[in-house]
Amino acid sequence: MPLPFFYEEDIKPGSSSFVLSEETSKHCVQVLRMKTGEQLELTDGLGNIITAAITAADKRACVVRADKERKAEKPARQIAIGISLLKNPGRFEWFLEKAVETGVSEIYPLLCARTERQHFRHDRMKSIVVAAMLQSQQAWLPMLHNPVTVDTITATAAYKQKLIAHCADGHKQKIAQLALQESIIALIGPEGDFTPQEIDQCLINGYIPVTLGNTRLRTETAGITALVLLVNN
């Protein structure tokens, strides 16, 4: 059975012992009823995985001894998804969870001209990203950015390959037919799609228009579809 797996962003590889955060301590001691001598695994979200044993089972400040360290391999292809915030926040949370499980590297919540919801609770959304990382037994925490406008992301995003999925007429390429690079960003618009002006701006800045199939997808479904195609091609 896998050891309990926790995220501790402040752990320092090479240290002999750690005091766990209050949240992790409570989960270990009060929820899982872990005792002195029992083992767990920790990651800092930067690829480091530490196997540790509890030496002081305190529900507020559990102390553990580092027994073994290893480094998880970083994904060969770094994939960022820029996706519009959604009117229903639950659907955006679903996207975050599934995107992390699938292998996203960075997530940019987008504020588009037709985005209906502007509010973004970064702490809550990051907790969903962390939970999905742990559930899928990964050690690289995807970067969750604060919301940005289309203007900002087209002007600042530095990726070798830039894609935009939209529903407007015009020639689009299939992702499976592209020669994919090692760093890619794909933009997904809101329920009403990108405006013609936003599409033109992306094309001017080197974005390649792509198709995700013959059916019209919900925003969150389009985001996952694009990610799966990018991860597996």
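Here is a short report on the structure shown in this document. On a predicted model such as this, the values are computed, not experimentally measured, just so you know.

## Thoughts on the overall build of the chain
Move 1: Looking only at helices and strands, the chain has six helices and 13 strands in total.
Move 2: Along the longest, intermediate and shortest principal axes, the C-alpha atoms of the chain span 65 × 35 × 30 Å.
Move 3: Counting all 233 residues of the chain, 45% fall into the buried class.
Move 4: As displayed, the chain has an accessible area near 12,000 Å², and 49% of this comes from carbon and sulfur atoms.
Move 5: Averaging the locations of the 26 positively and 26 negatively charged side chains of the chain gives two centres separated by 3 Å.

## Things to note about the nonpolar core
Move 1: In terms of nonpolar packing, the biggest core is built from 40 residues, with Ile81 and Leu96 touching the most fellow members.
Move 2: Residue assignment for this core shows that the elements contributing at least two residues are strand 1 (5-7), strand 6 (78-84), helix 2 (89-102), helix 3 (122-135), strand 10 (161-165), strand 12 (183-188) and helix 6 (219-232).
Move 3: Per element, the largest residue contribution to this core is seven residues, and it comes from helix 3.
Move 4: Residues contacting Ile81, with those up to four places away along its chain left out, are Phe95, Val104, Glu106, Ile107, Tyr108, Ala186, Ile188, Gly223 and Leu227.
Move 5: The next biggest cluster of nonpolar side chains, apart from the first, holds 16 residues, and it includes Tyr108, Leu110, Val150 and Ile153.

## Some words on the layout of surface pockets
Move 1: As a volume, the largest pocket reaches approximately 570 Å³.
Move 2: Lining the largest pocket are 19 residues, and of these Tyr7, Glu8, Ser21, Glu23 and Thr24 sit closest to its centre.
Move 3: Elements that contribute at least two residues to the lining of the largest pocket include exactly strand 1, strand 2 (17-19), helix 1 (22-31) and helix 3.
Move 4: The dominant element in the lining of the largest pocket, judged by the number of residues it contributes, is helix 3, at six residues.
Move 5: Of the residues belonging to the lining of the largest pocket, the class tally is nine nonpolar, four polar and six charged.
Move 6: Ser105, Trp140, Leu141, Pro142 and Met143 are the residues nearest the centre of the second largest pocket, which is lined by 26 residues in total.
Move 7: If one sorts the elements of the lining of the second largest pocket by residue count, strand 6 sits on top with three residues.
Move 8: Class assignment of the residues belonging to the lining of the second largest pocket gives a composition of 14 nonpolar, six polar and six charged.

## A few points about the state of the cysteines
Move 1: Overall, the coordinates contain zero disulfides when judged by the stated rule.
Move 2: Of the cysteine sulfurs around Cys62, a residue in no disulfide, the closest is that of Cys28, at 5.5 Å.
Move 3: Residue Cys62 is classed as buried on the basis of its relative accessible area, which comes to 0%.
Move 4: This cysteine, Cys112, is not joined by any disulfide, and Cys202 carries the nearest cysteine sulfur, 8.6 Å off.
Move 5: The class of Cys112 is buried, set by a relative accessible area of 6%.

## Some words on the side chain of Thr51
Move 1: Here Thr51 shows up in strand 4 (residues 48-56).
Move 2: The exposure class assigned to Thr51 is buried, which follows from its relative accessible area of 7%.
Move 3: In contact with Thr51, other than residues within four places in its own chain, are Leu3, Gln39, Leu40, Glu41, Arg65, Ala66, Asp67, Lys68 and Arg70.

## Remarks on the pattern of salt bridges
Move 1: As enumerated under the stated definition, the model contains 10 salt bridges in all.
Move 2: The closest approach of N and O atoms between Glu101 and Lys98, which form a salt bridge, is 3.9 Å. A residue pair is termed a helical-turn pair when its members lie 3 or 4 positions apart in one helix, as Glu101 and Lys98 do in helix 2 at three residues.
Move 3: The network of salt bridges with shared partners includes Arg91, Glu191 and Glu220.

## Section: the sheet that holds strand 2
Move 1: Spatial ordering of the open sheet is given by 1-3-4-5-2, a layout of five strands whose pairing is mixed. Here the strands that pair on one side only, and so sit at the sheet edges, are strand 1 and strand 2. Sheet twist, expressed as the mean angle between neighbouring strand axes with direction ignored, is 40°.
Move 2: Relative to strand 5 (residues 63-71), strand 2 runs antiparallel, the two being bridged by three bridges. Bridge pairing in strand 5 places Phe18 opposite Val64.
Move 3: Helix 3 contacts strand 1 and strand 3 (39-43) of the sheet and is inclined by roughly 150° relative to strand 1.

Conventions and cut-offs
Residues numbered from 1 in each chain as written. Predicted model: local features only at pLDDT ≥ 70, side-chain atom pairs only at ≥ 80, totals over all residues. Heavy atoms only, no water. Helix = DSSP H or I, 4+ residues; strand = E, 2+ residues; numbered from the N terminus. Buried < 20%, exposed > 50% of the residue type's maximum accessible area, 1.4 Å probe, protein only. Areas by Shrake-Rupley, 256 points an atom, 1.4 Å probe, with all protein chains shown as cover. Lys, Arg positive; Asp, Glu negative; His and termini not counted. Charge placed at Lys NZ, Arg CZ, Asp CG, Glu CD. Core = buried A, V, L, I, M, F, W, Y, C linked by side-chain atoms within 4.5 Å. Contact = heavy atoms within 4.5 Å. 1 Å grid on protein atoms, 1.4 Å probe; cavity = no way out; pocket = protein on both sides within 12 Å on 5 of 7 lines; lining within 4 Å. Points joined across faces, edges and corners; volume = space filled by probe spheres on them. Nonpolar A, V, L, I, M, F, W, Y, C, P; charged D, E, K, R; others polar. Disulfide = S-S within 2.5 Å. Salt bridge = Lys/Arg side-chain N within 4 Å of Asp/Glu carboxyl O. Pairing = 2+ DSSP bridges. Axes fitted to C-alpha atoms, helices over the stretch in contact; angles between N-to-C directions.

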